[in-house]
Amino acid sequence: MFSKPKINFVFMKNFVFAALVILVAACGPKFDKEITLDDIRENIDYLASDSLKGRKSGEQGDLLAAQYIAGKFEAAGLELLFDNGFQEFNLVTSAEIAEGNQLQVNDTEYEVETDFLPYAFSANTTVATEVVFTVFGIEVNRDSLKWNDFDGADVTGKWMLVLQGDPDLDNPNSPYLEFSSERAKALKASDKGAAGIIFVAGTKFSEADELSSLFFDKNSSRFSIPVIQVTRKVANEMLKGTEQTVEKLEAEILEQNAGLNLEVPVTVSAAVNVGLKETTTRNVVAMLPGNDENLKDEYVVVGAHFDHLGMGGPGSGSRAIDTVAVHNGADDNASGVSAVIQLAEKLAGDKSNKRSVLFVAFGAEEMGLLGSKTFTMKSPVETDKMVTMFNFDMIGRLKEDNSLNIGGTKTAEETEDLLNDLNPDFTLAFTGEGIGPSDHASFYLQNIPVIYISTGAHPDYHTPQDDAELINFEGAQKVMNYSAALLDDVVNRAEKLTFQEAGSKFQRSRGGRFKVTLGVMPDFAGAEKRGMRVDAVSKGKPAYAAGMKKGDIIIAIDGKKVGNIYEYMDRLQNLEAGATISVDILRDEEPTVLIVQL
């Protein structure tokens, strides 16, 4: 006979208690409407964790971050828009060599990635034709600047073989710079009717006879002709019938300082197939409906981007250009996303918002504001019903002086008075313009007043050192509480903010003949040995808008060292109008980073 099992009453008591705790938790509030340090820390710790691998757009960490944010919005009782909160869109993230790339010179075949390599912006096509050597592939006739590699040449339907660089290679401020990029030369070849263009590096351009890596420059536009690079060994095979070599031609051209072209008796056949890797990412979008019959059809947008740089590497935007490691992006921009989540929970808990509020975590900001551009183009409500946009980008490094940067302050008549009236004890630094290096620019272009809040850049910006343990959590909480007061005012005031233009309404063109400048007077004497000292800053220019001051010492631009005025000019010449760059400076012996929009 079996005996009755004994009941462990202590176990049962603990089990029942645990079950009750779970039941109460399940039935109770799923969020805390107060802006707490624990909640801020929880959000940033997760979004900036190694497990998300830098939240690169289109990768698994990017999706996990989006799911986390959507879960927070849903738990706060917000209405998830689009597809369960996800507004998906496609983007190109990289270029890769696909099957079928071939190169043949007469009867000799060559290996892709060893002997030749297409450019990411090449057309995918096959061309077999003759070759014309056109030196640098430059044609310019501007005032005293004259150079012509096409005089008497007919490149129609033929390959152009050209040297990389320009006729003034030793000059870091060469007057030919705007004509010397691979894109500029490919455009010239296309304009001339060439069938394709082949680049080779002369010894003055690069001593090593090596191919540069396949690099995707975040621009998915392609040319209509094939664009490839070859080693000098391959180029010299092409030139064999002329009894010339790349080395001999380069020396002759630079000695004579004049353009040249040469018919090459050879047939070159090439097939190009470069795949642009397209992926899907998303914005995370939720709404808190307004409760005022007269104002609920007006919308305030509260946003921050949640993507970052992944593992870094070439083309990622990392300032640690030689380092491949997790770029956690705790300040940029887990801190801003945490602000959006905390504000969503607070407004949802208060239930006092007269206007409706759209909470958005933007994807692919680091790829060029793609998420916010997608949102404004395919918005869940008409953009003319959006009355203000708050953008939070890097609010986690409040300094001891309590300085808080706020952009877009002139985009509404009332903004600066509002910011000053509600200011607890921040030292506010205003930038009036609506165009800036973050997602609010997409809304300003739609005639929407914007308020861009940031604690500013720092030496860890866009490096693997931007980690959660360096966040000033108390400072972030203070910024969020101030932002909550601002948001409450804008959401509930009787009259919406009055939009006004503040700065250009158009993004500056990336290309053409725009001359890039920071707007500083360099120390031409070179007295400073650690970098390039700034002797003056012009008002209204990019450096002035970014906060650069007289006496600052520029030591790097976009992570590339600046040791003197010549290196400064070399870095500057490779920048594009409209780009957003980082500039490392020493100010009063302290390193800091400024974000400059050119």
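Now for a description of the structure that goes with this document. (Residues numbered from 1 in each chain as written. Predicted model: local features only at pLDDT ≥ 70, side-chain atom pairs only at ≥ 80, totals over all residues. Heavy atoms only, no water.)

## A few points about unusual backbone geometry
Note the threshold: Strands are runs of DSSP state E lasting at least 2 residues, helices are runs of H or I lasting at least 4, and numbering of each runs from the N terminus.
The peptide bond linking D332 to N333 adopts the cis configuration, its omega dihedral lying at 5°. Within the secondary structure, N333 sits in helix α8 (residues 330-350). Phi at R55 takes a positive value of approximately 50°, unusual for a residue other than glycine. By the element assignment, R55 lies in the loop between α2 (37-47) and α3 (60-75). Of note, N447 is a non-glycine position whose phi angle comes to about 65°, a positive value.

## Concerning the pairing of strand β6 (residues 126-133)
Filter applied, for reference: Any two strands with at least two DSSP-identified bridges between them are counted as paired.
The sheet contact formed by β6 and strand β12 (residues 262-271) spans eight bridges and is antiparallel. Note on β12: the bridge partner recorded for V132 is E263. Across three bridges, the pairing between β6 and strand β9 (residues 159-163) is parallel. In the sheet register, F133 faces β9, and the bridge partner there is L161.

## Concerning the pattern of salt bridges
When the charged atoms of two side chains with opposite charge come close together, those side chains can pair. Note the following rule: Within this document, salt bridges are pairs made up of a side-chain nitrogen of Lys or Arg and a carboxyl oxygen of Asp or Glu, the two lying within 4 Å of each other. Any residue under 20% of the maximum accessible area for its type is buried, any over 50% is exposed, and the rest in between are partly exposed; the area is computed with a 1.4 Å probe on protein chains only.
If you walk through the whole model with that rule in mind, you get 19 salt bridges. Across the salt bridge formed by R232 and E247, the nearest N and O atoms sit 3.7 Å from each other. Of the two residues, R232 is situated in helix α6 (residues 232-239) and E247 in helix α7 (residues 246-256); the sequence distance between them amounts to 15 residues. Under the relative-accessibility criterion, E247 is labelled partly exposed at 31%.

## Here's the deal with the packing of α2 against helix α12 (residues 473-492)
Applied cut-off: An axis is simply a line fitted to the C-alpha atoms; with a helix, the fit covers only the stretch in contact. Between two such axes, the angle follows the N-to-C directions and lies from 0 to 180 degrees. An angle below 35 degrees is treated as roughly parallel, one above 145 as roughly antiparallel, one from 65 to 115 as roughly perpendicular, and anything else as oblique. By definition, residues are in contact when any of their heavy atoms lie within 4.5 Å. Just so you know the grouping, Ala, Val, Leu, Ile, Met, Phe, Trp, Tyr, Cys and Pro go in nonpolar, Asp, Glu, Lys and Arg go in charged, and all remaining residues, Gly too, go in polar.
In contact at an axis separation of 10 Å, α2 and α12 are set at 110° when each is read in the N-to-C sense. Between α2 and α12, the interaxial angle falls into the category roughly perpendicular. Counting all contacts with α2, which are made through L37, I40, R41, I44 and D45, the residues of α12 involved are F473, E474, A476, Q477 and M480. The residue inventory of the contact of α2 with α12, partitioned by class, reads six nonpolar, one polar and three charged.

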